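# Architecture and fold: a report
Residues per chain are reported as follows:
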Amino acid sequence: MKVRNSLRSLKVRDKNCRIIRRRGRVYVINKKDPRFKARQG
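Residues numbered from 1 in each chain as written. Predicted model: local features only at pLDDT ≥ 70, side-chain atom pairs only at ≥ 80, totals over all residues. Heavy atoms only, no water.

### Concerning the sheet that holds strand β3 (residues 25-29)
Spelled out, the test is: Here, a strand pair is defined by DSSP locating no fewer than two bridges between the strands. Helical segments are the DSSP runs of H or I of at least four residues, strand segments are the runs of E of at least two, and each set is numbered from the N terminus. Note on geometry: axes are lines fitted to C-alpha atoms, helical ones only across the stretch in contact, with angles between N-to-C directions running from 0 to 180 degrees.
Taken together, the 4 strands give an open sheet; going across it, the order is β1-β4-β3-β2, and neighbouring strands pair in mixed fashion. Bordering the open sheet on either side are β1 (2-4) and β2 (18-22), each of which pairs with just one other strand. Averaged over neighbouring strand pairs, the angle between their axes works out to 25° when direction is ignored. Looking at chain direction, β1 and strand β4 (residues 38-40) are connected through 3 bridges and run parallel. Within β4, the residue paired with V3 across the bridge is R39.

Structure below.
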């Protein structure tokens, strides 16, 4: 999982990426390709 300041560029890598908020943190997750996980902050 990558930790980034901005998740915008990570979201456009793949059409299955979703941005999700959990416990005050913002995550990018991708069910089809789990490599594309990222967290902000």
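### Points about the packing of aromatic side chains
Applicable threshold: Aromatic rings from Phe, Tyr and Trp, taking only the six-membered ring of Trp, are treated as a pair when their centres fall within 6.5 Å; an angle between ring planes under 30 degrees marks them as stacked, one over 60 as edge-to-face, and anything in between as tilted. Put simply, a charge is over a ring when the Lys NZ or the Arg CZ is close to the ring centre, within 6 Å, and near the line of the ring normal, within 35 degrees.
Counted by the stated rule, this structure contains 0 aromatic pairs. The ring centre of Y27 lies 6.0 Å from the NZ or CZ of R22, which sits over that ring.

### Focus: the environment of R25
We count it as follows: Each residue is assigned to one of three classes by its accessible area relative to the maximum for its type, calculated with a 1.4 Å probe on protein chains only: buried under 20%, partly exposed between the two thresholds, exposed over 50%. Should any heavy atoms of two residues lie within 4.5 Å, those residues are considered in contact.
Among the secondary structure elements, R25 is positioned in strand β3. Residue class for R25 comes out partly exposed when judged on its relative accessible area of 40%. C-alpha of R25 to C-alpha of K2: the two residues are 23 residues apart in sequence and 13 Å apart in space. Excluding its chain neighbours within four sequence positions, the residues that come into contact with R25 are I20, R39 and Q40.

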